[in-house]
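# Tertiary structure, described
Each chain, letter by letter, is given below.
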Amino acid sequence: MRQLSNLFSVPINLFSVPINLFSVPINFFSVPTRFILVLASAFSHCVFAQTSLSPAPPVSKTIAKGLDSPWAFDFLPNGDILVTERKGKLRVIQNGALMGADISGIPDVFYAGQGGLLDVMIDRDFATNQRLYLSYAWGERGANALRIMSAKLDGMQLREQQILFTAQPLKDTSHHYAGRLLQLADGTLLATVGDGFDFREQAQTLDNHFGKVIRINNDGTVPDDNPFYDRNDALPEIWSYGHRNQQGLALAGQHVYENEHGPKGGDEVNRLTPGNNYGWPVITQGIDYNGAQITPYQEYEGMEQPGIDWTPSIAPSSMAFHEGDLYVTSLVEGRVRKIQIDDSHLIDHGPVFPEVDERLRDIASGPDGHLYVLTDGHNAELIQLPKESPSNKVSSSNAPE
Ligand SMILES: [Ca+2]
C-alpha cells in the first residue's frame, strides 16, 4: 500500500521541481545541466520524503448546516447535539445529521431584536434526571424579560416544564438579554442577565436583575449562601453585578470566567467572585456608540478591573474551557481566541484555528475532545474544529485548580 501511494505521489513532486528551479539565482543555470538534474533529483526526493512523512493538515468539519439564527448548543450523553434557534426551535443533530423534526414543548418566546430562544444546557445529572435548561426572551414588546425554564426531555418532547426565573423588572427594549447558562459543581445554576441596553445605571443597584449574574438552585429556589441573600435591599439571586451584556460563561476548575460586550470598545473577560462589582457603567475602556463619553473613570475603588480588555471591540459571544485554556468566540472579529490562565492572570494568545473566520455565536468542548463552534445568521453551521497541533498548544499543563 505504501509503495502504491508513493508511486502516485511521484508526478506531483516532479511538477514541483521546475517551480523550485525558477526561484534559484539566474547564474545557477550556468553550471552543467547534468549537475542540475542530479540536484533536482535529490531535491525531488527531499520533497518526496517530507510529503510522505507529514500528516494530513488538520481540517475543520461541518457537522450541520442550514441552521436559522442559532444561539447555543449542548451535548447529550447519547451523542446527540441540541441546538437552539432564536425564533423558538430546539433542533437535534443525531448521528452527524440535522433532523428535520424539532423538539416540541418549547415555551413561547419573544422573538425581536436580540431576543428569542437563547441558551440550552443539559443538566450534569441528565443520565438520571433527563433535565435540561433553556433561557429565552419572554413577554411582549412593551414588557419583556429574560426567563429560564427547566424541562424533562422525553424523546422529542419536553415535559414537566418549570419556570425557574424571570428577570425583574420587565423592560420595553429588545436588546441586551445576556442569557448564558452555566451549572456549577454543586448543581446550582448561574445565568447572565444583561443591562437591557437602556437601563445601564441599574447594573450598579441591587434591587433589580439588570447587568447581573444570578445564581439559583436547579428547582428555581435561591441558595442561602448567595452573597446578598441576607440583605433586605438586594435581590437574593444576585451573584455578581456591574455587567453589561455577558454572553460567555465558563467553569475552569473552581473559577468562573465571564465575557461581556462593552459599548464601543471595552469588551471584557472577568474572573467572577461572588458579591463583586465589575464596574459597568461607572468604569469602562469603551465609549458610547455615538462617540460620547460614558464615564470619566476607567478605575474606581471597589470595582474590579477586567482580566482582559478588548478595545477596539471584538464582540465576544461565548466562551469554553478546553484542555486547560479558555477559548472565546466573537461576532465582529469572527475568530476563536485562545486565552491562557496563568494563576490569576489571563494571557490573550489571539486568534487560533485560521480556518474559522466568520461571525461566531457559541463554542463548547465536545465529549470527543474537539472544540465545536456555531456560526451566526440565517444559514449557519455547527463546525467541529481540528485538534490543535502540539506546536500550537500553549498551556494544557497549566490547568487551574
Ligand atoms: Ca467591567
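Residues numbered from 1 in each chain as written. Predicted model: local features only at pLDDT ≥ 70, side-chain atom pairs only at ≥ 80, totals over all residues.

### Quick word on the overall build of the protein chain
Looking only at helices and strands, the protein chain has 3 helices and 24 strands in total. Going through the 401 residues of the protein chain one by one, you find that 38% of them count as buried. Sequence-distant contacts, at least 24 apart, represent 57% of the contacts inside the protein chain between residues at least 6 apart. (Helix = DSSP H or I, 4+ residues; strand = E, 2+ residues; numbered from the N terminus. Buried ≥ 20, exposed ≤ 12 C-beta atoms within 10 Å, placed from the backbone. Contact = placed C-beta atoms within 7 Å.)

### Here's the deal with the sheet that holds strand β4 (residues 89-94)
With antiparallel pairing, 4 strands are arranged side by side in an open sheet as β2-β3-β4-β5. The open sheet terminates on both sides in strands that have one partner only, identified here as β2 (70-75) and β5 (97-98). Bridge count for β4 against β5 is 2 bridges, and the pairing is antiparallel. Counted as the bridge partner of Gln 94 is Ala 97 from β5. (Pairing = 2+ DSSP bridges.)

### With respect to the pairing of strand β20 (residues 336-342)
Across the 7 residues that make up β20, a large majority, 5, are buried. The pairing of strand β19 (residues 325-330) with β20 spans 5 bridges and is classified as antiparallel. Residue Tyr 327 lies in a different strand from β20, and its bridge partner there is Lys 338. Where β20 lies against strand β21 (residues 345-352), 6 bridges are found, and the strand directions are antiparallel. From the neighbouring strand, Arg 337 faces β21, where its bridge partner is Pro 351. Counted along the chain from β20 to the antiparallel partner β21, the turn is 2 residues long, and its residue Asp 343 has a positive phi close to 55°.

### Quick notes on the sheet that holds β20
The 4 strands lie next to each other as β18-β19-β20-β21, forming an open sheet whose pairing is antiparallel. Looking at strand neighbours, the two that pair on one side only are β18 (316-322) and β21, the edges of this open sheet. Each neighbouring strand pair of the sheet contributes to a mean axis angle of 25°, computed without reference to strand direction. Direction of pairing for β18 relative to β19: antiparallel, over a ladder of 6 bridges. When the bridges of β19 are listed, Ala 320 appears paired with Tyr 327. (Axes fitted to C-alpha atoms, helices over the stretch in contact; angles between N-to-C directions.)

### Concerning the pairing of strand β24 (residues 380-384)
In this sheet, β24 lies alongside strand β1 (residues 61-67) in antiparallel orientation, the contact comprising 4 bridges. What sits directly across from Lys 61, in β24, is Gln 384. Both strand β23 (residues 371-375) and β24 contribute to a ladder of 3 bridges, which runs antiparallel. Bridged to Tyr 372 within β24 is Gln 384. Hairpin geometry of β23 and β24 is characterised by an intervening segment of 4 residues between the two adjacent antiparallel strands and by a positive phi of about 105° at Gly 377.

### Comments concerning the environment of Ser 313
Tracing the chain through its elements places Ser 313 in the loop between β17 (308-310) and β18. The exposure class assigned to Ser 313 is buried, which follows from the 20 C-beta atoms found within 10 Å. Through-space distance from the C-alpha of Ser 313 to that of Pro 263 is 8.0 Å; in sequence the pair is 50 residues apart. For Ser 313, the contacting residues outside a window of four places in its chain are Gly 262, Lys 264, Gly 265, Asp 267 and Val 332.

### Looking at the environment of Ala 380
Among the structural elements, Ala 380 can be located in strand β24. Setting aside its immediate chain neighbours within four residues, Ala 380 contacts Leu 67, Pro 70, Leu 374 and Thr 375.

### Quick look at the environment of Gly 211
With respect to the secondary-structure elements, Gly 211 resides in the loop between β11 (189-193) and β12 (212-216). Accessibility expressed as a C-beta count within 10 Å gives 30 for Gly 211, which makes it buried. Gly 211 sits 30 residues away from Tyr 241 along the chain, and the two C-alpha atoms are 6.0 Å apart. Sequence-distant contacts of Gly 211, defined by excluding residues within four places in its chain, comprise Gly 194, Asp 195, Arg 200, Gln 202, Ala 203, Tyr 241, Gly 242, His 243, Arg 244 and Trp 280.

### Overview of the confidence of the model for the protein chain
Atomic detail in the predicted coordinates should be set aside for any region of low pLDDT. A residue-level look at the protein chain finds 83% of positions with pLDDT of 70 or above and a mean pLDDT of 88. Throughout residues 1-51 the model reports pLDDT below 50, and contacts reaching past four residues in sequence, or to other chains, amount to 15 contacts. Across residues 394-401 the pLDDT falls below 50, and counting only partners more than four positions away or on other chains, this stretch makes 22 contacts in the model. (pLDDT = per-residue confidence, 0-100.)

### Things to note about unusual backbone geometry
If a residue is not glycine, its phi is most likely negative; likewise, a peptide bond is most likely trans. A cis amide bond, omega -5°, links Trp 280 with the succeeding residue Pro 281. Put simply, Thr 311 and Pro 312 share a cis peptide bond, and its omega is 5°. The residue Asn 95 is not glycine, and still its phi comes out positive at about 50°. Locating Asn 95 in the fold gives a position in the loop between β4 and β5. Asn 95 sits in the exposed class, given 7 other C-beta atoms within 10 Å. Non-glycine residue Glu 160 carries a positive phi angle of around 55°. Locating Glu 160 in the fold gives a position in strand β9 (residues 157-166).

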